[in-house]
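# Per-entry structural report
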Amino acid sequence: MPEAAKFQCPNCDAPYKVVRVEAPPTHDHQLLCLRCGGPLHGREGKFALKYFLIDGSQRRPILGRKPS
C-alpha cells in the first residue's frame, strides 16, 4: 500500500495528503487545488500523484465548477 505524505498547496497553503501510485503515462489532465484553483503536479516520473484535502471546512468553490 502506498504511503501518504503531507503536502501544502504552494499558492494558498491548503493542507493535503498526497499518495504516489505507479501508473503508466496517460493523457493526464491538469490537477487543481480544491481551495484556490492553483495548479498541482499530476506526475512524478513513473508515479501518478493523488491529492486528498485534509481540512475541507474552508473549501471554496472554484470558478466554473459546481459545489459537490
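See the structure shown above.
For the structure given in this document, a descriptive report is provided here. A quick note: this is a predicted structure, and the numbers were derived from the prediction, not measured.

A few words on the overall build of the protein. Along the backbone of the protein there are 0 helices and 6 strands. Secondary structure of the protein in N-to-C order comes out as β-β-β-β-β-β. Split into buried and exposed, the 68 residues of the protein put 22% on the buried side. Look at the contacts in the protein between residues 6 or more apart in sequence, and 47% of them connect residues 24 or more apart. Here the protein has roughly 5400 Å² of accessible surface; of this, 56% comes from carbon and sulfur atoms.

Applying the stated criterion across every chain yields a total of 3 aromatic pairs. Arranged with centres 5.8 Å apart and planes meeting at 80°, the rings of Tyr-16 and Tyr-51 form a pair that is edge-to-face. Taken together, the residues span a long stretch of sequence, with Tyr-16 in strand β2 (residues 15–22) and Tyr-51 in strand β6 (residues 47–53) at a distance of 35 residues. The pair formed by Tyr-16 and Tyr-51 is uniform in burial state, with each residue classed as buried. Counting every residue linked through ring pairs, the aromatic cluster contains Phe-7, Tyr-16 and Tyr-51. Taking NZ or CZ as reference, Arg-20 lies 4.1 Å from the ring centre of Phe-47, over its face.

We now examine the sheet that holds β2. Pairing in this open sheet of 4 strands is antiparallel, and the strands run β1-β2-β6-β5 from one edge to the other. Strands with a single pairing partner mark the edges of an open sheet, and in this sheet they are β1 (4–8) and β5 (43–44). Both β2 and β6 contribute to a ladder of 7 bridges, which runs antiparallel. Looking at β6, one finds that Lys-17 is bridged to Phe-52.

Parameters and conventions
- Residues numbered from 1 in each chain as written.
- Predicted model: local features only at pLDDT ≥ 70, side-chain atom pairs only at ≥ 80, totals over all residues.
- Heavy atoms only, no water.
- Helix = DSSP H or I, 4+ residues; strand = E, 2+ residues; numbered from the N terminus.
- Buried < 20%, exposed > 50% of the residue type's maximum accessible area, 1.4 Å probe, protein only.
- Contact = heavy atoms within 4.5 Å.
- Areas by Shrake-Rupley, 256 points an atom, 1.4 Å probe, with all protein chains shown as cover.
- Phe/Tyr/Trp six-rings, centres within 6.5 Å; stacked < 30°, edge-to-face > 60°.
- Lys NZ or Arg CZ within 6 Å of the ring centre and 35° of its normal.
- Pairing = 2+ DSSP bridges.

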